[in-house]
Amino acid sequence: MICYNPKEWFSFIFRFHKGDTFRKLIPIMFGIGLYSAGIAWLEIEYWKLSDSSHVKNITVMHTMLGFVISLLLVFRTNTAYDRWWEGRKLWGALVNNSRNLAIKMAVMLKDPADKEIMRKLIPGFASVLNLHLKNADISHELFDDATLPSDHYKHKPNQIVKTIMARVDEMYKDGRLTGDQLIIINDELRSFLEICGACERIKNTPIPYSYSAFIKKFIFFYVMTLPFGYVFQLGYFVIPVVVFIFYVLASLELIAEEIEDPFGTDPNDLPLEKIADNIRKNVEELIY
C-alpha cells in the first residue's frame, strides 16, 4: 500500500508511481491518438465533409450516453471501494481480537511454556492468513515442531486455529484453565475463522463477468465514436481530447479492478504484512 500525505495536493499531479494508470494506458492511448488522427484526416482532407453533414449529429448520442456511462463507472468504483474497505475492517477486527485474546491469555495463564506457545500462535494466524489470501507458499518451518503438528493441511489458517483450540483444550483438561475462562476466550477464537471466511468471500467472489465486460465494451465503443462527431468542432484538436477522455474513463475502470481484490500485491492493496507484523509486536508485548 502506498503511504502518502493527502494534504500535498499539487505534488500528485506530477508524481508517477508503479501502479499509476497513466503508465499502463500509454500504449492504448497512443493507438487511440493515431486512430483519432486517421478519422480527422479522412473527414477533413479526404471526404471533406461539410458542417451540414449528418455525421456532425453523432455528438447527440455522446451527450445522452455520457450520463449513463458516468452512472455505471460511479457504481463500479463504489462497489470496488466497498470491497476494499470491508477487507480493511476485517483486518482491523483481527487486530483487536488478537490483542484481546493476548491480554486474556497473559492474565489467565501462569505456566511460561503455555504463554510462549500462545505468544507464537496468536500472531501466527495473522501471518499465515496474509500468505493464504495471497496464494503464497506457506512453509511448515514457520513454526517449531512443538508448536504445530507435522501433518499439512491445504488450508493453513484452519490448522493454526485447530492447534490453538487443541492447546486450550489441553490446558482446560489439565486444570490450567477453568470452564469460565474457556467461555471468556471463546469469542476471540471463533472470530479468527469468521474473519478468514469473510476475507475469502471477498477474494473468491469477483464482480460478475458480464457486468465488467459490458463496461469495458461500453467505454471502448463510446471512445471510438467520439472523433466522428467532434472533428467538426475541434478539427485536429480532437486527437488530444479523445485521448484524454479515454484516459479518464479507462483509469476509473483500472482503479476499480485493482482495489476490488484488496488482498493482493498491487500498490493500492491493503498492507497485510505490515498489519500482521503489528499484531506480532502487540502480542509479544502483552504476553511475556
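So, a few notes on the structure that sits alongside this text.

How each quantity is defined
- Residues numbered from 1 in each chain as written.
- Predicted model: local features only at pLDDT ≥ 70, side-chain atom pairs only at ≥ 80, totals over all residues.
- Heavy atoms only, no water.
- Phe/Tyr/Trp six-rings, centres within 6.5 Å; stacked < 30°, edge-to-face > 60°.
- Helix = DSSP H or I, 4+ residues; strand = E, 2+ residues; numbered from the N terminus.
- Buried < 20%, exposed > 50% of the residue type's maximum accessible area, 1.4 Å probe, protein only.
- Expected span 1.5 Å × (residues − 1).
- Contact = heavy atoms within 4.5 Å.
- Salt bridge = Lys/Arg side-chain N within 4 Å of Asp/Glu carboxyl O.
- Patch = residues over 30% accessible without salt bridge, like charges linked within 9 Å, V, L, I, M, F, W, Y side chains within 5 Å.
- Areas by Shrake-Rupley, 256 points an atom, 1.4 Å probe, with all protein chains shown as cover.
- Axes fitted to C-alpha atoms, helices over the stretch in contact; angles between N-to-C directions.
- Parallel < 35°, antiparallel > 145°, perpendicular 65-115°, else oblique.
- Nonpolar A, V, L, I, M, F, W, Y, C, P; charged D, E, K, R; others polar.
- Left-handed = near helix turned anticlockwise from the far one by under 90°.
- Disulfide = S-S within 2.5 Å.
- Core = buried A, V, L, I, M, F, W, Y, C linked by side-chain atoms within 4.5 Å.
- Bend = angle between axes of the 7 residues up to and from the residue.
- Polar contact = N/O pair within 3.5 Å; in protein donor to acceptor, adjacent residues only side chain to side chain.

1. Here we look at the packing of aromatic side chains
All chains considered together, the criterion is met by eight aromatic pairs. With 5.7 Å between their ring centres and 75° between their planes, Phe-75 and Tyr-211 make a pair best called edge-to-face. A residue pair is termed long-range when its members are at least 10 positions apart, and Phe-75 in helix H2 (residues 58-108) and Tyr-211 in helix H6 (residues 209-234) qualify at 136 residues. A centroid spacing of 5.7 Å and a plane angle of 20° characterise the contact between Tyr-81 and Trp-84, whose relative ring orientation is stacked. Of this pair, Tyr-81 and Trp-84 both sit in helix H2, three residues apart, which is roughly one turn of the helix. When its relative accessible area of 12% is taken as the criterion, Trp-84 is described as buried. In this structure an aromatic cluster arises from ring pairing among Tyr-81, Trp-84 and Trp-85.

2. Let's talk about unusual backbone geometry
We note that Asn-135 has phi near 60°; this positive angle belongs to a residue other than glycine. Secondary-structure assignment places Asn-135 in the loop between helix H3 (112-133) and helix H4 (156-173).

3. Side note on helix H7 (residues 238-259)
Taking 1.5 Å of rise per residue, 22 residues should cover 32 Å, and H7 covers 32 Å from first to last C-alpha, within 8% of that figure. Of the surrounding elements, those touching the buried residues of H7 are helix H1 (21-46), H2 and H6.

4. Digging into the pattern of salt bridges
Throughout the structure, instances matching the rule amount to 16 salt bridges. Where Glu-260 meets Arg-76, a salt bridge forms, and the shortest distance between an N and an O atom there is 3.0 Å. Placement of Glu-260 in the loop between H7 and helix H8 (272-286) and of Arg-76 in helix H2 is noted, with a sequence separation of 184 residues between them. Comparing Glu-260 with Arg-76 shows no difference in burial state: the two are buried. Across the pair Arg-201 and Glu-86 runs a salt bridge, and its minimum N-O distance is 2.6 Å. Remark: Glu-86 occurs in helix H2 and Arg-201 occurs in helix H5 (residues 179-204); sequence separation between them is 115 residues. Salt bridges sharing partners connect three or more residues here, namely Arg-76, Lys-216, Glu-253, Glu-257 and Glu-260.

5. Here's the deal with a nonpolar patch on the surface
Nonpolar side chains collect at one region of the surface, where Trp-41, Ile-44, Tyr-46, Trp-47, Leu-49 and Tyr-236 lie side by side and expose about 620 Å² of accessible area between them. Structurally, Ile-44 is set in helix H1. Ile-44 sits in the partly exposed class, given a relative accessible area of 31%.

6. Thoughts on the packing of H4 against H5
The N-to-C vectors of H4 and H5 enclose an angle of 175°; their axes lie 11 Å apart at closest approach. Between H4 and H5, the angle is such that the two are roughly antiparallel. On H5, the residues that touch Pro-157, Asn-158, Val-161, Ile-164, Met-165, Val-168 and Tyr-172 of H4 are Gly-179, Leu-182, Ile-185, Leu-189, Phe-192, Leu-193 and Cys-196. Taken together, the residues that form the contact of H4 with H5 break down as 12 nonpolar, two polar and no charged.

7. Considering the packing of H3 against H4
Close contact between H3 and H4 brings their axes to 8 Å; oriented N to C, the two are set at 165°. Our classification of the angle between H3 and H4 gives roughly antiparallel. The interaxial crossing formed by H3 with H4 has left-handed handedness. Judged by residue contacts, Asp-114, Ile-117, Met-118, Leu-121, Phe-125, Val-128, Leu-129 and His-132 of H3 engage Lys-156, Pro-157, Ile-160, Val-161, Thr-163, Ile-164, Arg-167, Val-168 and Met-171 from H4. Looking at side-chain class alone, the contact of H3 with H4 contains 12 nonpolar, two polar and three charged residues.

8. Remarks on the state of the cysteines
Working definition of a disulfide: a covalent bond connecting the sulfur atoms of two cysteines. One pass over the full model with this rule turns up zero disulfides. Unpaired in terms of disulfides, Cys-196 finds its nearest cysteine sulfur in Cys-199, a separation of 7.0 Å.

9. A word on the nonpolar core
Counting residues in each nonpolar core, the largest one holds 46 residues, and the members touching the most others are Trp-91, Leu-94, Met-105, Met-118 and Ile-122. Put simply, the parts of the chain that give this core at least two residues each are H2, H3, H4, H5, H7 and H8. For this core, the element with the highest residue contribution is H2, accounting for 11 residues. When neighbours within four sequence positions are excluded, Trp-91 is seen to be in contact with Ala-126, Leu-129, Asn-130, Leu-133, Cys-199, Phe-263, Leu-272, Ile-275 and Ala-276. Leu-72, Tyr-222, Val-238 and Leu-249 belong to the second-largest nonpolar core, a separate cluster that totals 21 residues.

10. So, H3
The end-to-end C-alpha distance of H3, which contains 22 residues, comes to 32 Å, matching closely the 32 Å that a straight helix rising 1.5 Å per residue would cover. Its axis deflected by about 30° at Gly-124, H3 carries its strongest bend there. The N-capping residue of H3, defined by a side-chain oxygen 3.0 Å from the backbone nitrogen of Ala-113, is Asp-111. Positive backbone phi, approximately 60°, marks Asn-135, located one or two places after H3.

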